[in-house]
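# Structural features, examined
The lines below spell out each chain.
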Amino acid sequence: QVQLVESGGGLVQAGGSLRLSCAASGRTFSNYVMGWLRQAPGKERELVADINSSGGNTDYADSVKGRFTISRDNAKNTVYLQMNSLKPEDTAVYYCAAAHMGKYDYWGQGTQVTVSS
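Below, the structure is looked at part by part.

### Concerning the environment of Asn84
You can see Asn84 is positioned in the loop between strand S8 (78-83) and strand S9 (92-100). Look at Asn84 and you get partly exposed, because its relative accessible area is 31%. For the pair Asn84 and Gly35, spaced 49 residues apart in the sequence, the C-alpha separation amounts to 18 Å. With sequence-adjacent residues up to four places away left out, Asn84 is seen in contact with Gly16, Ser17, Arg67 and Phe68.

And the structure:
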């Protein structure tokens, strides 16, 4: 089992920045691919960014490329999502999740991000 706890969400004006954190406990954090996903009201959940177990490879949704950065600190069992130049359409509940063998098996409770125009 892996327990994930997100923090760092909140209300920010368009153009502003937020940094989300996800602290993991349980099984070896460094074994897992980590992802940040989001779900806006009335929309399907989408993968925003992911990072491989060593942190050397990242991938982003087209909608956030150049604005968001995912990173991880395996010594601290934490994954981060730095979000810059936020837009109202970034408003969503953001979840971190841990994947093994290509499937996200473990999820945090989510943190709300609201971007005002």
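### Overview of the pairing of S9
In terms of residue burial, S9 counts as a mostly covered element, since seven of its nine residues are buried. The sheet contact formed by strand S4 (residues 33-39) and S9 spans seven bridges and is antiparallel. Bridge pairing links Leu37 to Tyr95 in S9. Of the strand pairs in this sheet, S9 and strand S11 (residues 111-116) are connected by three bridges, and their pairing is antiparallel. Considered in S11, the bridge of Ala92 is made with Val113. Across four bridges, S9 lies against strand S10 (residues 103-107) in antiparallel orientation.

### Re the state of the cysteines
Scanning all chains against the criterion turns up one disulfide. At a sulfur-sulfur separation of 1.9 Å, the disulfide partner of Cys22 is Cys96. Between Cys22 and Cys96, the disulfide has an S-S torsion of 40° and is therefore right-handed. Of this pair, Cys22 sits in strand S3 (residues 18-26) while Cys96 is found in strand S9, placing the two residues 74 residues apart along the sequence. Accessibility assignment for this pair places Cys22 and Cys96 in one class, buried.

### So, the environment of Ser53
When you line up the elements, Ser53 lands in the loop between strand S5 (46-51) and strand S6 (58-60). With 24 residues separating them in the primary sequence, Ser53 and Phe29 have C-alpha atoms 8.2 Å apart. What Ser53 contacts, discounting residues up to four positions off in sequence, is Ser30, Asn31, Tyr32, Val33, Arg72 and Asn74.

### Considering the nonpolar core
If you look at the biggest cluster of nonpolar residues, it comprises 31 residues, and the most contacted ones within it are Leu4, Trp36, Leu81, Met83 and Tyr94. For this core, the secondary-structure elements that each account for two or more residues are strand S1 (2-7), S3, S4, S5, strand S7 (68-73), S8, S9 and S11. In this structure Met83 touches Gly16, Ser17, Leu18, Leu20, Arg67, Phe68, Tyr94 and Val113, once residues within four positions along its chain are discounted.

Cut-off values and rules
- Residues numbered from 1 in each chain as written.
- Predicted model: local features only at pLDDT ≥ 70, side-chain atom pairs only at ≥ 80, totals over all residues.
- Heavy atoms only, no water.
- Helix = DSSP H or I, 4+ residues; strand = E, 2+ residues; numbered from the N terminus.
- Buried < 20%, exposed > 50% of the residue type's maximum accessible area, 1.4 Å probe, protein only.
- Contact = heavy atoms within 4.5 Å.
- Pairing = 2+ DSSP bridges.
- Disulfide = S-S within 2.5 Å.
- Core = buried A, V, L, I, M, F, W, Y, C linked by side-chain atoms within 4.5 Å.

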